[in-house]
Amino acid sequence: MTNTWKTMALVIPLALVAACTDAAKAPAEAAMAAAGTAVDSLKGEATKWAPEAVKGVEASYASAKDLVAKQDYKGALAAAGEIPAKAKEALAKAAANKDALVKAWNDAGGSITKMVDAAKSRIDVLMQSKKLPAGMDKATLAKAQTDLSAIQSGLAGAVDQFKAGDTSGAMAKLSALKAQGMELLKSLGMQ
Amino acid sequence: MAETGDNEFTQWHTVAKGETLGKIAERYYGDPSLYKKIFEANRERIKDPNLIQIGWKLRIP
């Protein structure tokens, strides 16, 4: 083999690889740009309501970036191409999680409000009673009033907490308030 | 049966033989004179506070 043929035997495969690599570069860059936009769309609400799903998308994007850095444009194109769909799934999951939590919040808050109304109604009547029913004395009734006030102010605090964005803290507070409310109803002979 | 305002925390009492609104009020409030509270809370069923029937389910406010 002459030197010319030897050189060609080495250069041609490299040129073909380079040509293929360059052919995938532009589509990969376009896919990366689309993926970047999709990842940006997850900032804010989605991060708050579906953090794990968002982390997954961000990890996929980081992997695609690594492939670009290694000039594996074909691999980057494949990886980046999946990201917009994953981001869409994360957004849908975030919306579903948000809806579920708002519903749970409304249900729990509504339930405690009804509990408070029932207890308040009974306390109002008992305050007018000349003699308290069996098993109840003035101290019990006074404590019930105090407990009712505490639950009412606790509920207002939980609402503020929820509005401020501390949804899990607010939900935990509602659970505690519901337990207190059940004890209150029990002390009033309503459970 | 339930009307607006009734919920899982509404307390109910089923009228038994020999009971009057006064006796029911005494049981829940300690004071028979508060029977009117029960009467008012059940106006859709009780027309006359002296006439209640066994088996009626009354809400106790």
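Nothing here was measured: the structure is a model prediction, and the numbers come from that model.

Here the focus is the overall build of chain B. The helix and strand tally for chain B stands at two helices and two strands. Tracing chain B from N to C terminus, the helices and strands come up as β-α-α-β. For 61 residues, the compact-globule estimate of 2.2 N^0.38 gives 10 Å, and the C-alpha radius of gyration of chain B, at 11 Å, lies within 12% of that figure. Along the first, second and third principal axes, the C-alpha set of chain B runs to 25 × 20 × 15 Å. Out of the 61 residues belonging to chain B, those deemed buried represent 41%. Excluding contacts between residues fewer than 6 apart, the proportion of contacts in chain B whose partners are at least 24 apart in sequence is 49%. With an accessible surface of roughly 3600 Å², chain B has 50% of that area assigned to carbon and sulfur atoms.

Another aspect to go through is the pairing of strand β1 (residues 11-14) of chain B. Residues and elements named next belong to chain B. Residues Gln11 and His13 line the buried face of β1, whereas the alternating positions Trp12 and Thr14 sit on a face that is not buried. Two strands pair when backbone bridges link them, and β1 and strand β2 (residues 57-60) are joined in this way by four bridges, in the antiparallel orientation. In the sheet register, His13 faces β2, and the bridge partner there is Leu58.

Residues and elements named next belong to chain A. Across all of its chains, the model carries one aromatic pair over all chains by this definition. Ring centres of Trp105 and Phe162 lie 4.2 Å apart, and the angle between their planes is 10 degrees; on these two criteria the pair is classed as stacked. Here Trp105 is found in helix α4 (residues 73-127), whereas its partner Phe162 is found in helix α5 (residues 138-163), with 57 residues between them in sequence. With relative accessibility at 11%, the residue Trp105 sits in the buried group.

Turning next to the nonpolar core. Grouped together as the largest cluster of nonpolar side chains are 41 residues, with contacts concentrated most on Leu174 and Leu188 of chain A together with Ile24, Tyr29, Ile38 and Leu58 of chain B. Elements supplying a minimum of two residues to this core: α4, α5 and α6 (167-187) of chain A together with α1 (21-29), α2 (35-41) and β2 of chain B. Per-element tally for this core: the top contributor is α4 of chain A, with nine residues. When sequence neighbours within four positions are dropped, the list of residues in contact with Leu174 of chain A reads Trp105, Ala108, Gly109, Ile112, Leu155 and Ala158 of chain A. Of all hydrophobic cores here, the second largest spans 18 residues; its members include Ala31, Met32, Ala38 and Val57 of chain A.

Let us now look at the pattern of salt bridges. All names here are of chain A. Summed over the entire model, instances satisfying the criterion amount to 10 salt bridges over all chains. In this structure, Asp40 and Lys43 form a salt bridge, with 3.5 Å as the shortest nitrogen-oxygen distance. Overall, the relative accessible area of 53% leaves Lys43 in the exposed class. A salt bridge links Lys98 to Glu45; its shortest N-O distance comes to 2.9 Å. Of this pair, Lys98 sits in helix α4 while Glu45 sits in helix α2 (residues 45-49), and the two are 53 residues apart along the sequence.

What counts and what doesn't
- Residues numbered from 1 in each chain as written.
- Chains lettered and ligands numbered in written order.
- Predicted model: local features only at pLDDT ≥ 70, side-chain atom pairs only at ≥ 80, totals over all residues.
- Heavy atoms only, no water.
- Helix = DSSP H or I, 4+ residues; strand = E, 2+ residues; numbered from the N terminus.
- Rg over C-alpha atoms; globule rule 2.2 N^0.38 Å.
- Buried < 20%, exposed > 50% of the residue type's maximum accessible area, 1.4 Å probe, protein only.
- Contact = heavy atoms within 4.5 Å.
- Areas by Shrake-Rupley, 256 points an atom, 1.4 Å probe, with all protein chains shown as cover.
- Pairing = 2+ DSSP bridges.
- Phe/Tyr/Trp six-rings, centres within 6.5 Å; stacked < 30°, edge-to-face > 60°.
- Core = buried A, V, L, I, M, F, W, Y, C linked by side-chain atoms within 4.5 Å.
- Salt bridge = Lys/Arg side-chain N within 4 Å of Asp/Glu carboxyl O.

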